[in-house]
Amino acid sequence: MAVMATMRATMMLMATHLTKRMPDSVMGSGASAASVGPLWISRALMILGLPLAAFCVYFAAVHALILIGQYSDIDATEGKLVRNQWLDMAEPMAGWIPDLYEAQGQYYLDLGVKLTGESRAEAMTLSAAYWDGAYDLRPGWPYYPLSALVAESYFDAPADRVQLHMDQMMAMSFNERGIHIRLFDTSFRLWGKLTRPQQDWVLAQAAMPYGATTRRAFHAAKQYGFKPLLCARLPWNVAKKYCSK
C-alpha cells in the first residue's frame, strides 16, 4: 500500500511539472486560435485597405486642384496666354480623368475669347486640343467635339480639324437643347470650312420637328447672313413661318 501511494504521488508531481513547462499553444490551443484568428483578419484588412485609402486621398487631392483651377480668375490683362497653375499641377496626376481635360479646355476657351490675334489663336488651339483629349477618354459625349468646334470658330483653324470635329458630331445621336443652340451658331460661323455633306447634315438638324430647333437655327442663320439659305434649302412647311415675314 505504501508503494502504491508513493507511485501515485510521484505521477502527480510529474504531471504538475509537465503542465508548467508546456507552451501556451499546447495548453490553450482553442483559446489561442480564437484570439489569433481575428487578429490576422484585422491585419489583413488593414493591409488591403491601405492602397484604397491612399487612392481616395489621391483622387480627392486631384479633384480639389481641378475645382480650384475651375474657379480661378481668368487673367487677360496683359493680352497674352496665361496658364492655369492649379490645372497644370493636377495634369501629371490626372491624365486619365476627362474632367481635367474638360476644365483645361474650358479655361483656354474662356481666356481666348478675351484675347486677340496670335494670343487668341494660341489659346483656342490649346482649348481644342484639350477637348480632343477629353473626347479620347469619353468618346460618346457630344459636348467635347462641339466645344472644340466652338474654339476653332474663334480663329482661322485648319479646315481638316474643323471637319474632323464635325464628323465626330455627325456620328452621335443627341437631342439636347444646349447642343443645338451651340451647334447652329458654331456651324454658320464655320460654314465655309464644312464639306457639302456636313452642311447638308446641319440643315437636316435645322429641320428637326421637335422643340424649338428650327427657330434656333433661323436665329443663328440670321446673325451670320444665312437666313436666305435656310429659306431655300429647308422644306417650305418648316421654313414658311420664318421666311414669309
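Residues numbered from 1 in each chain as written. Predicted model: local features only at pLDDT ≥ 70, side-chain atom pairs only at ≥ 80, totals over all residues. Heavy atoms only, no water.

Colleague: Explain the overall build of the chain to me, please; I cannot follow it from the model alone.
Modeller: In terms of regular secondary structure, the chain is built from 13 helices and zero strands. Along the chain, helices and strands appear, N-terminal first, in the series α-α-α-α-α-α-α-α-α-α-α-α-α. Sequence separation of 24 or more characterises 63% of the internal contacts of the chain that already satisfy a separation of 6 or more. Put simply, the chain shows about 14,600 Å² of open surface, and 63% of that area lies on carbon and sulfur atoms. (Helix = DSSP H or I, 4+ residues; strand = E, 2+ residues; numbered from the N terminus. Contact = heavy atoms within 4.5 Å. Areas by Shrake-Rupley, 256 points an atom, 1.4 Å probe, with all protein chains shown as cover.)

Colleague: What is the right way to read the packing of helix H7 (residues 143–152) against helix H8 (residues 159–170) from this model?
Modeller: Any two packed helices are characterised by the angle at which their axes cross and by the distance between the axes. Following both chains from N to C, one finds H7 and H8 inclined at 150 degrees, their axes separated by 9 Å at the closest point. Here H8 runs roughly antiparallel to H7, going by the angle between their axes. As for how H7 packs across H8, the hand of that crossing is left-handed. Between H7 and H8, the residues in contact are Pro 145, Leu 146, Ala 148, Leu 149 and Glu 152 and Arg 161, Val 162, His 165, Met 166, Gln 168 and Met 169, respectively. The residue makeup of the contact of H7 with H8, split by class, is seven nonpolar, two polar and two charged. (Axes fitted to C-alpha atoms, helices over the stretch in contact; angles between N-to-C directions. Parallel < 35°, antiparallel > 145°, perpendicular 65-115°, else oblique. Left-handed = near helix turned anticlockwise from the far one by under 90°. Nonpolar A, V, L, I, M, F, W, Y, C, P; charged D, E, K, R; others polar.)

Colleague: Looking at this structure, how should I read the environment of Gln 205?
Modeller: One can find Gln 205 in helix H10 (residues 196–206). Overall, the relative accessible area of 7% leaves Gln 205 in the buried class. Between the C-alpha atom of Gln 205 and that of His 180, which follows or precedes it by 25 residues, the distance is 8.1 Å. Setting aside residues up to four positions removed in sequence, Gln 205 forms contacts with Phe 174, His 180, Leu 183, Phe 184, Tyr 210 and Thr 213. (Buried < 20%, exposed > 50% of the residue type's maximum accessible area, 1.4 Å probe, protein only.)

Colleague: Teacher, can you tell me more about the pattern of salt bridges here?
Modeller: Where side chains of opposite charge bring their charged atoms close, a pairing between them can arise. Taken as a whole, this structure holds seven salt bridges when the rule is applied. Taking the shortest distance from any N to any O, the salt bridge between Lys 80 and Glu 78 comes out at 3.5 Å. Classification of Glu 78 by relative accessible area gives exposed; the value is 57%. The salt bridge involving Arg 138 is made with Asp 99; its shortest N-O contact spans 3.8 Å. Of this pair, Arg 138 sits in the loop between helix H6 (117–137) and H7 while Asp 99 is found in helix H5 (residues 98–113), placing the two residues 39 residues apart along the sequence. For Arg 138, a relative accessible area of 34% translates into the label partly exposed. Here the salt bridges share partners, and the residues they tie into one network are Arg 196, Asp 200 and Arg 233. (Salt bridge = Lys/Arg side-chain N within 4 Å of Asp/Glu carboxyl O.)

Colleague: Explain the packing of H5 against H6 here, please?
Modeller: Between H5 and H6, whose axes approach to 8 Å, the crossing angle comes to 160 degrees. Our classification of the angle between H5 and H6 gives roughly antiparallel. Viewed along their axes, H5 and H6 form a crossing whose handedness is left-handed. In this structure, H5 uses Pro 98, Tyr 101, Glu 102, Gln 104, Gly 105, Gln 106, Tyr 108, Leu 109, Gly 112 and Val 113 to contact H6, whose residues at the interface are Arg 120, Ala 123, Met 124, Leu 126, Ser 127, Tyr 130, Trp 131, Gly 133, Ala 134 and Leu 137. Across the contact of H5 with H6, the residue classes break down as 12 nonpolar, six polar and two charged.

Colleague: Can you walk me through the side chain of Ser 119 in this structure?
Modeller: Its place among the elements puts Ser 119 in helix H6. Its relative accessible area of 16% is what places Ser 119 among the buried residues. Of note is the side chain of Ser 119, whose polar atom sits 3.2 Å from the backbone oxygen of Gly 79. Here Ser 119 is in contact with Gly 79, Lys 80 and Leu 81, once residues within four sequence places are set aside. (Polar contact = N/O pair within 3.5 Å; in protein donor to acceptor, adjacent residues only side chain to side chain.)

Colleague: For this particular structure, what's the right way to read the packing of aromatic side chains?
Modeller: Pairs of aromatic rings are described using the distance from one ring centre to the other and the angle between the two planes. Under the definition given, this model contains nine aromatic pairs. When the ring of Phe 188 is compared with that of Phe 226, the centres are 5.3 Å apart and the planes differ by 20 degrees; the resulting orientation is stacked. Of the two residues, Phe 188 sits in helix H9 (residues 177–189) while Phe 226 sits in the loop between helix H11 (213–223) and helix H12 (227–233), which places them 38 residues apart along the sequence. Since its relative accessible area comes to 4%, Phe 188 is described here as buried. (Phe/Tyr/Trp six-rings, centres within 6.5 Å; stacked < 30°, edge-to-face > 60°.)

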